[in-house]
Structure formats: structure tokens, C-alpha cells
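Listed here are the chains, written in short residue letters.
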Amino acid sequence: MPAEKQTHEKINQKKMLPKTTLAQWQTTFDAINDAVCLLDMNGKILRCNKTMESFLKKSSKEIIGGTCWKLVHGTDKPVKGCPIVRMKKTFCRETLVLKVDDKWLNVTVDPVIDETGNLAGAVHIISDITRRKQREEAIKESKERYRGLSEASFEAIFISEKGVCLEQNSTAEKMFGYTLSEAIGRKGVEWIAPEDREMVMNNMLSGYEELYEATALRKDGSTFPAEIQGKMMHYKRRTVRVTALNDITKRKQAEEELRKSEQRFRSIFENIPNIAVQGYDADRKIIFWNQASEKLYGYKKEEAIGNQLEDLIIPFEMRESVIEAVRNWVENGIPIPHGELKLMRKDKTTFPVYSSHVILKNINGELEMYCIDIDMTERKQAEEALLNSEKRLHYLSSQLITAQEKERRRISLELHDEMGQALTAISINIRSIEKELPLDLTPLIKERIAEIYSLADQASEQIRELSHYLRPSMLDDLGLVPTLRWYLDVYRKRTNLDVKYEPINFEERPSPEVETVIYRVVQEALNNIVKHAQAGSVLVRVERKDKEAAVFIKDNGRGFEVNEFLAPDDLKGGIGLLGMQERVSILEGKFSIQSSKGHGTRISVEIPLH
């Protein structure tokens, strides 16, 4: 029985109570948790309980004789909608719910009828319902949030009890075509194609909560693949099942396209020649093995599938490192670099392979590693043959240059010694003949004799210059530094160029081979400058370091485009440069040239000193 009605009956019975029980009645009256007061016909308070005193924060003496609208609202007249005023008209209970400050109050007024059936007063009860209102607001907000989330969801959401639909969201209506009124009361399996209904009903009734797939059925009879998940929960004091259903048509189409793509991929790589492709799962078990792999490694597809990568084609000494590398890729995302390595055939022989790798996800989201291997045996053999050929050519070039230097030395010595001596003898014999001639020689004869002297001297000088150009003897006798000084002095006088010479740390002579190469590089570079550069100044620096001899030649000429000048299809202008490069490479040195049009040329050479 509600507290208000209990209080009303107690007060109605008060006149029938003996005075001896009045104190007991007051004790009971004060024990009521709601604020209760007895009113006369004018609305003035005749009696109140302790809770009313506490609610108004006044004593009973301050309360009795006052009106509730004065004590609660501070007004002299009843407030709008006052239940006391309404009760006088209806002779029935009147209620009002209002908010005072931060509290919600439920106010009831019950009539008190005397023995003659007339209105004698009223019982006024004020209940604090703040907590109840807060709970109601929270429930309302929760329902609104649920409804908002439900309606905003891209999934169809159903609430059912024992397989019968109680509620659905708007997405479900759009997805299946049933309005809410049409949906309520239907069995949940009516949204499912006949072939899957038994499974879905069993899942609903058993409380199955895992994700599963089924074929959904629309109102118009069309079907689509669906992903379903349900959960049992309490809803409006009932145990219900909330089911979320998602249309996965696009996903299924994508999976089908992916499956077709994978089939195309497998078909392409299954038949591609000379490129071995293998597929492995995350545990390195072989899942794909094309025909080229059969040919390359010697294992038939049936032999390979299901075996471990390391057990088939990885040499024993590499197995641990390969296992660790694959594990790091799968677990930590550290890819295996592409490159050359030696793998093993079925007959246990090893051979060079260029291997590249990629990790992909299959349609189930599982990681798979694919290796693409190319047999490098023929290429390695070709590279080895080319290397041997280059070594032979290098050796022949070295022998040719050495023979050339020897021949130049021989010719230089012959010119200097034999031809020079012959010309000297000619000059001596002519002078001897001149002395025997009569003194009255004609001017013409004297002129011819003078010409012979001059020609002999010119020939002797030219032979001496040619001898030095072919191979200056001072290079062998005095070394590189003084020979270059002499050569650059001659060069300066002959060309009128500003030539700067900087020898550094050449107190100790390098080997004759190094001296010869540096001399020839400088000689060829200066010849090119005279022929092509149109330079005004030249710097030649030679420096001996701890482990190498360095040469730097720089001019301020017109320069050229190095790539164009040394193009493979036109080397007419680059033979001299190639000769310099070849000489330096024979001694395992480094040769570089930098030039551009209008910015001169710089040649750098570094030759190791053994």
C-alpha cells in the first residue's frame, strides 16, 4: 500500500483513536519518511511530522498555522496548478510533480471527509523523488543513446525473445524491406533462407555468440550473404537476444575477385619459364611450386608441397640463418633483402641463384611468403669468362705498354747515340773539307757550306728533342720530379702558357713503373691542352703520400662534356684519355676527369705504392 494512502487512513482514523493512544499515533506519524502535514479547509497546516520539519528546515511551531505555498514557494496565494485547490473541486486525490532548486518533489493532497460526508480538511504529503527522477532520466538517456546508436549502425539489429522479433532498427527495415510493425512478432528465421534456417534457429535458442555466416532472405524473396552475431542480454526485465546482421555482399564479391586473381596469378606463375616461384606459409611449409621450380631444383610438385623450405633447397650451413630470417619477417616485419645466394638441388649440388621475396595475405588473412628465383649459373659463367677475358686483355695491354716503353727507349737511344753521332761526324767532315778548299771560293759555295752546317745542327737538335720526347734518359737517371721540371720548362717556352708546377714529398723516388705512368699522363694531358683547351694557365701537382702517388692537372680552358667525348660510338677524340686510363689501371690506380663547357678540365690520378 502506498505511503500516502497509509498516512491518509491513519489521519482519518485519528478521531476514532482514544486520547491514550494519541502519543503512539504521533510517534507513528513522525516515523513516516515522507513530509506529511494535516491541513484545514483554508489550506493552513494543523499538524506536521518530523520529516516535514526537516524538509522545510523549520520547527513545528514555525510551520503550524502557515500555508504550504507560503512555506515552500514564498507566495501569498496558491501557485498555478496547486493540488489543494484542485482537490477542493474534485474531492479526490490530486498530485503534482515539480522541481524546487535541485530537487524533484512529488506532491499529493488527499481529502479528509467527516461523519456527515463533508470535506473536513486534507492530508498533504511531499515526497523527495530526486533519485527516482535521476534514474528515470538516466534510463531515458540510455534508451535514446541505444536508439541513436542502433539507428546509426550500418548493421541490421534485432531484439528477439525465444526466436520471435521484439524490435528492429531502421537499417534492418532498409536491408530486408519489413517495417517495424511488420517485423514485430515474426520468427527470426523468416529473415533467413530456408537452407540455413535450422542452423540459425539453433544458434538463437542455444545462446551461441560467435560470428558466423548464413544466407539472408529479403521480403521480396531475394537473398544475400550475411555475417551474423548474437548476444544474450536483459532488456525490459526480459532475457532477450540482440542480433547484429551485416550484408557482406561486397566483401564476398571482393573475395571472389581475389580468388580469381589468385587463380590467374597461380596460372601465370605455374607456367612461366625460367623463373622459379615457390610459395610458403608462415611456418615455411611449401604451398606453391611451379614447373620452373621443378626444373631448377629437381623436385616434382608432389614431392615439394608440404615440406619445409630449409629441408629441400637450403644448404645445411645456411639453415639456421634462413629460419631466423623468415621468422623475423613474419613476426617483426623485417623483410629479407633481395640478392644472390647459393641454393641446393635435389642431388645436393649447390648453384648461384638471384632470389627476391615478398609476403602477401591470402583471402583468409594468413601470411604467405613467395620466393622468385633465377638461375645465375650461365650468367656467372659468362661473367667469369668476361673477367678472364678482361684479365687477358689487361695483361696484353700491360705487355704492349711495357714493350712500347722499351721500344721508345731503344729508339731514343739509337737516335741520340747513332744518329746524333752520325750528324756530328758529318759536321766534322764538312769542316775538314772546308779547310782543304781554296780560299777563293765563290759566294755560292760558301753559302751552300753554311746551309749544310745549319741543316746538320737543326737535324741534331730535332733528333735530340725527338729522343727526349720518346723517352727522356733523365727520367731513368734523375727521376720524375726533375724530368717533369725540364719537360714543363720546354712546354712553357714552346706554348707561352702560364704553367705552375708543384712537386710535394718526392724526396724518395717511387718505382720506375709509377714514374713512367705519371710522366706519360702529364705528357698526354699537356698535349691535349695545347690541341683542344685554348687555356691560359695550367697547374700540375704531383704528391707522394704514405700509400699512394697522386697527380692533379688543372687548366682554365674551354672544357668539354666528358660523357659525350667518351661516348662508346665515337672515341676518336678520347684515345689519349683512354690511354691514360689504361696506363693507370695497369698499376691498379684510379683515374678521374671532370670537365664542363666553359669551366676547364681537372684530371686526378691516384696510384698505390707497393
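Keep in mind that what you see is a predicted model, and the values were worked out from it rather than measured. (Residues numbered from 1 in each chain as written. Predicted model: local features only at pLDDT ≥ 70, side-chain atom pairs only at ≥ 80, totals over all residues. Heavy atoms only, no water.)

(A) Just the overall build of the chain, in detail. When helices and strands are tallied, the chain shows 22 helices and 20 strands. Relative to its full complement of 610 residues, the chain shows a buried share of 37%. Of the contacts formed within the chain by residues at least 6 apart in sequence, a portion of 46% connects residues at least 24 apart. Accessible surface computed for the chain: about 36800 Å², of which carbon and sulfur atoms make up 54%. (Helix = DSSP H or I, 4+ residues; strand = E, 2+ residues; numbered from the N terminus. Buried < 20%, exposed > 50% of the residue type's maximum accessible area, 1.4 Å probe, protein only. Contact = heavy atoms within 4.5 Å. Areas by Shrake-Rupley, 256 points an atom, 1.4 Å probe, with all protein chains shown as cover.)

(B) Local environment of the pairing of strand β18 (residues 548–555). Both strand β17 (residues 537–544) and β18 contribute to a ladder of seven bridges, which runs antiparallel. Bridge assignment links arginine 544 to a residue of β18, and that residue is alanine 549. Hairpin geometry of β17 and β18 is characterised by an intervening segment of three residues between the two adjacent antiparallel strands. When β18 meets strand β20 (residues 601–608), the two strands line up antiparallel, connected through eight bridges. Within β20, the position partnered with phenylalanine 552 by the bridge is serine 604. (Pairing = 2+ DSSP bridges.)

(C) The arrangement of the sheet that holds strand β7 (residues 164–168) in detail. Across the sheet, five strands lie side by side as β7-β6-β10-β9-β8; this open sheet has antiparallel pairing. With one partner strand each, in any of the chains shown, β7 and β8 (212–217) form the two edges of the open sheet. Within the sheet, the average angular offset between the axes of one strand and its neighbour, ignoring direction, is 40 degrees. On top of the sheet, helix α10 (residues 194–206) reaches β6 (156–161), β8, β9 (223–235) and β10 (238–247); it is set at about 125 degrees to β8, its chief contact. (Axes fitted to C-alpha atoms, helices over the stretch in contact; angles between N-to-C directions.)

(D) The pattern of salt bridges, seen in detail. Per the stated rule, a full pass over the model turns up 27 salt bridges. Residue lysine 231 is joined to glutamate 209 by a salt bridge in which the shortest nitrogen-to-oxygen separation is 3.7 Å. Highlighted residues: lysine 231 in strand β9 and glutamate 209 in the loop between α10 and β8, separated in sequence by 22 residues. Taking relative accessible area as the criterion, glutamate 209 reaches 34% and is therefore assigned partly exposed. The partner of arginine 327 in a salt bridge is glutamate 324, with the nearest N and O atoms 3.1 Å apart. Within this pair, arginine 327 and its partner glutamate 324 are both found in helix α15 (residues 319–332), separated by three residues, close to a single helical turn. The exposure class assigned to glutamate 324 is partly exposed, which follows from its relative accessible area of 38%. (Salt bridge = Lys/Arg side-chain N within 4 Å of Asp/Glu carboxyl O.)

(E) Up close: the packing of aromatic side chains. Here the structure, examined in full by the defined rule, presents eleven aromatic pairs. Considering the side-chain rings of tryptophan 486 and tyrosine 487, the 6.4 Å spacing of their centres and the 55 degrees angle between planes classify their relative orientation as tilted. For the ring pair tyrosine 487 and tyrosine 519, a centre distance of 5.7 Å and an interplane angle of 70 degrees mean the geometry is edge-to-face. Of this pair, tyrosine 487 sits in helix α19 (residues 480–495) while tyrosine 519 sits in helix α20 (residues 512–533), placing them 32 residues apart in sequence. Of the aromatic side chains, those joined through ring pairs into one cluster are Phe158, Phe176, Tyr178, Trp191 and Phe224. Just above the ring of tryptophan 104 sits the side chain of lysine 133; from NZ or CZ to the centre is 4.6 Å. Here the basic side chain of arginine 345 rests over the ring of phenylalanine 351, its NZ or CZ set 3.8 Å away from the ring centre. (Phe/Tyr/Trp six-rings, centres within 6.5 Å; stacked < 30°, edge-to-face > 60°. Lys NZ or Arg CZ within 6 Å of the ring centre and 35° of its normal.)

(F) Representation of unusual backbone geometry within the structure. Not every positive phi belongs to a glycine, and arginine 284 is a case in point at roughly 75 degrees. Mapping arginine 284 onto the fold places it in the loop between β11 (276–281) and β12 (286–289).

(G) Main features of the nonpolar core. Residues Ile518, Leu526, Ile529 and Ile553 are the most contacted members of the largest nonpolar core, which totals 39 residues. Elements with a minimum of two residues in this core: α19, β16 (498–504), α20, β17, β18, α22 (575–586), β19 (590–595) and β20. With ten residues, the top contributor of residues to this core is α20. Those residues in contact with isoleucine 553 that sit more than four places away from it in its chain are Val521, Val522, Ala525, Ile529, Val538, Leu539, Val540, Thr601, Arg602 and Ile603. Within the second largest apolar cluster, 23 residues are counted, among which are Ile286, Ala304, Leu309 and Cys371. (Core = buried A, V, L, I, M, F, W, Y, C linked by side-chain atoms within 4.5 Å.)

(H) Structural view of the environment of glutamate 515. Note on placement: glutamate 515 falls in helix α20. Judged by its relative accessible area of 2%, glutamate 515 is buried. Measuring from C-alpha to C-alpha, the distance between glutamate 515 and alanine 549 comes to 9.4 Å, with 34 residues separating the pair along the chain. Non-local contacts of glutamate 515, meaning those with residues more than four positions away in its chain, are made with Leu475, Gly479, Leu480, Arg509 and Pro510. A polar contact of 2.8 Å, which involves the side chain of glutamate 515, links it to the side chain of arginine 509. (Polar contact = N/O pair within 3.5 Å; in protein donor to acceptor, adjacent residues only side chain to side chain.)

(I) Spatial organisation of the packing of α19 against α20. For the pair α19 and α20, the least separation of the axes is 11 Å and the interaxial angle reads 10 degrees. The pairing of α19 with α20 is recorded here as roughly parallel in orientation. The residues of α20 that touch α19, namely those facing Leu480, Thr483, Leu484, Trp486, Tyr487, Leu488, Tyr491 and Thr495, are Glu515, Ile518, Tyr519, Val522, Gln523, Leu526, Asn527, Ile529 and Val530. Residue classes in the contact of α19 with α20 are distributed as twelve nonpolar, four polar and one charged. (Parallel < 35°, antiparallel > 145°, perpendicular 65-115°, else oblique. Nonpolar A, V, L, I, M, F, W, Y, C, P; charged D, E, K, R; others polar.)

(J) The sheet that holds strand β3 (residues 94–100), seen in detail. Spatially, the five strands line up as an open sheet ordered β2-β1-β5-β4-β3, and their pairing is antiparallel. Unpaired on one side and paired on the other, β2 (45–48) and β3 mark the two borders of the sheet. If you compare each strand with its neighbour and ignore which way they point, the axes differ by 25 degrees on average. Relative to strand β5 (residues 119–128), strand β1 (residues 35–39) runs antiparallel, the two being bridged by five bridges. Bridge pairing in β5 links alanine 35 to isoleucine 126.

(K) Highlighting helix α6 (residues 83–90). All of the buried residues along α6 are Pro83, Ile84 and Met87. The buried residues of α6 occupy one face: seen down the axis, they fall within an arc of 100 degrees. Turning to α6, the residues buried within the fold contact β1, α5 (68–73), β3, β4 (103–113) and β5. (Arc of directions from axis to C-beta.)

(L) View of the pairing of β16. Inspection of the sheet shows β16 paired to β17 by seven bridges, in the parallel sense. When the bridges of β17 are listed, lysine 500 appears paired with leucine 539. Each parallel crossover has a hand, and the one from β16 via α20 to β17 is left-handed. (Right-handed = clockwise from strand over helix to strand, strands pointing away.)

(M) Highlighting α15. Its 14 residues give α15 an end-to-end C-alpha distance of 19 Å, which sits within 8% of 20 Å, the value for a rise of 1.5 Å per residue. Turning to α15, its buried residues are Val322, Ile323, Val326 and Trp329. Down the axis, α15 shows its buried residues gathered within 130 degrees of arc, on one side only. Of the exposed residues in α15, the ones pointing more than 90 degrees away from its buried face are Glu320 and Glu331. Packed against the buried residues of α15 are α14 (309–312), β14 (350–361) and β15 (367–375). (Expected span 1.5 Å × (residues − 1).)

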